[in-house]
Amino acid sequence: MIVLLGVLVVILGFVTRRNPVLVVGVAGIATGLLGKMNPQEILAAFGHAFADSRSVTVFAIVLPVIGLLERYGLREQARTLIGKLGKLSAGRFLTVYLLVRQVTAAFGLNNLGGPAQTVRPLVAPMAEAAAERTIGGKLPDKMREKVRSYSASADTVGVFFGEDCFIAIGSILLITGFVNSTYHQELEPTQLALWAIPLAVCAFVIHGARLLLLDKQLEREMALAAAENDLPLPPQTPGQSREESAK
């Protein structure tokens with residue numbers, strides 16, 4: 001049981017907000033030493049784990065490519081494209097993206113989107129441009145962050161509830177394997193996938209409605225911000241600074 005102290009290293013590292021790669025590395029080394037492994041065996045274990053999980057490290061190649069595309073105007077081109085679509089607001093655009101993300105995930109195409117490769121360089125800039133055209137002005141920082149968060153939520157909700165409709169996804173196979181071995185059932189992946197379809201539809205309706213309401217929220221917040229900027233500051237009292245008076 002003393003080997004499980006490596007888990008404590010992970011918990012302490014995340015609580016103190018250390019570098020995740022450093023925390024996991026130190027926890028792995030500590031676990032190996034507690035398991036009476038020599039340094040050579042620990043290094044070999046790291047090498048085998050890295051070789052067996054090569055797909056996890058694909059981001060090391062994808063991220064530089066995305067960075068180069070952004071440097072040479074990918075975000076600007078995305079904003080220009082969305083600006084040509086006159087009636088497409090931020091909420092409508094994100095609703096369409098939510099639908100596309102769910103449908104593609106339902107066919108097992110999870111890697112077609114994602115926060116790093118799609119949301120940040122394409123979806124978020126296009127949603128920001130649509131919102132700016134709708135409200136007729138530049139978005140304040142607070143509203144811009146809200147649009148970006150809704151963009152990320154459209155991707156996350158879409159893939160989370162869409163992937164369970166695909167029978168060969170890891171979560172479906174894990175559930176069926178656990179239920180069949182533990183409770184001696186004969187549960188098929190197709191059964192779970194079929195039950196996931198109405199759940200995906202409900203998720204689309206609920207979150208799609210939230211996305212469509214985003215346009216009204218942005219207009220209301222923009223009007224409030226404009227009204228606050230037009231209001232004069234209250235009179236200062238003796239000994240009170242201008243910043244304190246504004247508060």
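Residues numbered from 1 in each chain as written. Predicted model: local features only at pLDDT ≥ 70, side-chain atom pairs only at ≥ 80, totals over all residues. Heavy atoms only, no water.

### Considerations on the environment of glutamine 217
(1) Moving on: Relative to the helices and strands, glutamine 217 resides in helix H11 (residues 214-230).
(2) Moving on: For glutamine 217 and methionine 143, which are 74 residues apart along the polypeptide, the C-alpha to C-alpha distance reads 9.5 Å.
(3) Moving on: Excluding residues that lie within four positions of it along the chain, glutamine 217 makes contacts with Lys146 and Tyr150. (Helix = DSSP H or I, 4+ residues; strand = E, 2+ residues; numbered from the N terminus. Contact = heavy atoms within 4.5 Å.)

### With respect to the side chain of histidine 207
(1) Moving on: Mapping histidine 207 onto the fold places it in helix H10 (residues 189-212).
(2) Moving on: A polar contact is formed between the side chain of histidine 207 and the side chain of arginine 210, at a distance of 3.2 Å.
(3) Moving on: Discounting chain neighbours no more than four positions away, the residues touching histidine 207 are Leu98, Ser153, Ala154 and Val157. (Polar contact = N/O pair within 3.5 Å; in protein donor to acceptor, adjacent residues only side chain to side chain.)

### Focus on a nonpolar patch on the surface
(1) Moving on: A surface patch of nonpolar side chains, about 1,100 Å² in accessible area, is lined by Met1, Ile2, Val3, Leu4, Leu5, Val7, Leu8, Ile11, Leu12, Val15 and Leu34.
(2) Moving on: If you tally residues by element for the nonpolar patch, the top one is helix H1 (residues 5-15), at six residues. (Patch = residues over 30% accessible without salt bridge, like charges linked within 9 Å, V, L, I, M, F, W, Y side chains within 5 Å. Areas by Shrake-Rupley, 256 points an atom, 1.4 Å probe, with all protein chains shown as cover. Salt bridge = Lys/Arg side-chain N within 4 Å of Asp/Glu carboxyl O.)

### Quick look at helix H9 (residues 170-183)
(1) Moving on: With 14 residues, H9 extends 20 Å from end C-alpha to end C-alpha; this agrees with the ideal 20 Å at 1.5 Å per step.
(2) Moving on: With its phi angle positive at about 55°, histidine 184 sits one or two positions after the end of H9. (Expected span 1.5 Å × (residues − 1).)

### A few points about the pattern of salt bridges
(1) Moving on: Overall, the coordinates contain six salt bridges when judged by the stated rule.
(2) Moving on: Linking aspartate 155 and arginine 101 is a salt bridge whose minimum nitrogen-to-oxygen distance equals 2.8 Å. Placement of the pair is aspartate 155 in helix H8 (residues 141-162) and arginine 101 in helix H6 (residues 90-106), with a sequence separation of 54 residues.
(3) Moving on: Across the pair arginine 148 and glutamate 145 runs a salt bridge, and its minimum N-O distance is 3.2 Å. Here arginine 148 and its partner glutamate 145 are both found in helix H8, three residues apart, which amounts to about one turn of the helix.

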